[in-house]
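Structural overview for review
So you can see what is in the structure, the chains are spelled out below.
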Amino acid sequence: MKPSVLITKRVYPEAVELLRERYEVDYEATDDGLSAEQLVERLRGKQAVMSQLTDKFNREVIARLEGLKIIANVAVGYDNVDVAAATEAGILVSNTPDVLTDSTADLAFALLLATARRIVEGHAFVHSGRWKKWAIDLMVGLDVHHKTLGIIGFGRIGQAVGRRARGFSMRVLYHDAVRAPAEVERELGAEAADFETLLAESDFVSLHVPLTASTRHLIGPGELRRMKRTAILVNTSRGPVVDEAALAEALHQGVIAGAGLDVFEREPEVHPGLLNLPQAVLAPHIGSATIETRRKMCLMAAENVLAAIEGRRPPNLVNPELWERRARG
Ligand code: DGY
């Protein structure tokens, strides 16, 4: 009998084809997603699942899975999977790093520019026919070039944002638990800074940390108050890294100048205080959403599935210790 794989939501067809060449594929070709109960039910007797960030593989769900070899998430983030529980249950977990680094960094920079230069507001203004004359202070925004960019989380995507900032002659500060190699700091002209200094000195603060217990609400009322009144916050990481209610309040009170957000605490819900605020530029979680990148992410997840089923080490494991433990016997 052929091994059997579940694809929980619509993906690029090339990935489905790749899996169908070898396995029985149970493909939920919709954008609806499966409930916990449906996941457990549909995974009965299957060896692998290709999942997305909306599929919640918590401890309770994982405890009910039998014989599953891998959860191959089509995302670099994997906060939707309880990795510790998966590891205990002997299930490999993989993600899709690297292929989305530049696309996500591009979007972070696009949000930064759009917010600072009021592009969305200007676009709506022109479209509505309200533009009647040129004026010296019409839609004036904030300079980006030669300003200070503070990057919180200086991994692949954070560094790629820093690389873009160089082209805008920006000063780049970063904060991360791990100091970047000297050659990276040199290449990007980036300076390590403590959290407080970064908040106080940055004109733009861009978030690039994974969502964990210690990064939930990393930016709350206190942190927002420590930022400049002219500062702009950009979030392309995960919504719960920012206390959304506190951010809405801060924008209404003028505590900071603006926010460019691609991610939200309870997607697709957005805090009502952020809606219809001209200084908040909002995108529907599209950091990696280019045709090329999303196709690569789907294929990469499919390759991880192939490897796990064929007994090879999946290339993008987030719990490699499980594989290594097995290899040691
Ligand atoms: C990710 O990969 O984690 C993004 O949020 C979705 O592409």
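Here goes a summary of the coordinates provided. Treat the numbers as computed from the prediction; the structure is a model and nothing was measured.

Some details on the packing of helix H1 (residues 13–20) against helix H12 (residues 291–310)
Two elements in contact, H1 and H12, have axes whose closest approach is 8 Å; the angle formed by their N-to-C orientations is 20 degrees. As judged from the angle between their axes, H1 and H12 are roughly parallel. Every pair of crossing elements has a handedness; the one defined by H1 and H12 is right-handed. Of the residues in H12, those in contact with Glu14, Ala15, Leu18 and Leu19 of H1 are Arg295, Cys298, Leu299, Ala302, Glu303, Val305 and Leu306. The residue inventory of the contact of H1 with H12, partitioned by class, reads eight nonpolar, no polar and three charged.

As for H12
Helix length check: H12 (20 residues) gives 29 Å between terminal C-alpha atoms against 28 Å at 1.5 Å per residue, within 8%. All of the buried residues along H12 are Thr293, Met297, Cys298, Met300, Ala301, Ala302, Asn304, Val305, Leu306, Ala307, Ala308 and Ile309. Among the structural elements, strand S1 (4–7), H1, strand S3 (48–51), strand S4 (70–73), strand S5 (92–94) and helix H5 (101–116) are those in contact with the buried residues of H12. Directly beyond the C-terminal end of H12, a positive phi value near 80 degrees is found at Gly311.

What to know about a positive patch on the surface
Among the surface-exposed residues, Lys69, Arg325, Arg326 and Arg328 lie close enough to one another that they form a single positively charged patch. Within the element layout of this structure, Arg325 appears in helix H13 (residues 320–328).

So, the pairing of S1
Of the two faces of S1, the one lined by Ser4 and Leu6 and the one lined by Val5 and Ile7 are each fully buried. Once you follow S1 into H1 and on to strand S2 (residues 24–27), the crossover reads as right-handed. Of the strand pairs in this sheet, S1 and S3 are connected by three bridges, and their pairing is parallel. Along S3, the bridge assignment pairs Leu6 with Val49.

Notes on the site of the ligand
Around the ligand, the neighbouring residues are Leu53, Ala75, Val76, Gly77, Leu100, Arg238, His285, Ser288, Arg294 and Met297. Within the backbone of Val76, a nitrogen or oxygen atom sits 2.7 Å from an oxygen atom of the ligand. The backbone of Gly77 places a nitrogen or oxygen atom 2.9 Å from an oxygen atom of the ligand. Burial of the ligand by the protein amounts to 90% of the accessible area it has alone, namely 230 Å². When the residues that make up the shell around the ligand are grouped by side-chain class, the tally is five nonpolar, three polar and two charged.

Considerations on H1
Here H1 has its buried residues at Ala15, Val16, Leu18 and Leu19. Along the long axis of H1, the arc covered by the buried residues comes to 160 degrees, so they all point the same way.

Comments concerning the sheet that holds S2
Within the open sheet, the five strands sit side by side as S2-S1-S3-S4-S5. Their pairing is parallel. Each having just a single partner strand, S2 and S5 make up the two edges of the open sheet. Ignoring strand direction, the axes of neighbouring strands in this sheet form an average angle of 15 degrees. The pairing of S1 with S2 spans four bridges and is classified as parallel. Directly across from Ser4, in S2, lies its bridge partner Glu24.

Scoring rules and cut-offs
Residues numbered from 1 in each chain as written. Predicted model: local features only at pLDDT ≥ 70, side-chain atom pairs only at ≥ 80, totals over all residues. Heavy atoms only, no water. Axes fitted to C-alpha atoms, helices over the stretch in contact; angles between N-to-C directions. Helix = DSSP H or I, 4+ residues; strand = E, 2+ residues; numbered from the N terminus. Parallel < 35°, antiparallel > 145°, perpendicular 65-115°, else oblique. Left-handed = near helix turned anticlockwise from the far one by under 90°. Contact = heavy atoms within 4.5 Å. Nonpolar A, V, L, I, M, F, W, Y, C, P; charged D, E, K, R; others polar. Expected span 1.5 Å × (residues − 1). Buried < 20%, exposed > 50% of the residue type's maximum accessible area, 1.4 Å probe, protein only. Patch = residues over 30% accessible without salt bridge, like charges linked within 9 Å, V, L, I, M, F, W, Y side chains within 5 Å. Areas by Shrake-Rupley, 256 points an atom, 1.4 Å probe, with all protein chains shown as cover. Salt bridge = Lys/Arg side-chain N within 4 Å of Asp/Glu carboxyl O. Lys, Arg positive; Asp, Glu negative; His and termini not counted. Charge placed at Lys NZ, Arg CZ, Asp CG, Glu CD. Right-handed = clockwise from strand over helix to strand, strands pointing away. Pairing = 2+ DSSP bridges. Near = heavy atom within 4 Å. Polar contact = N/O pair within 3.5 Å; in protein donor to acceptor, adjacent residues only side chain to side chain. Arc of directions from axis to C-beta.

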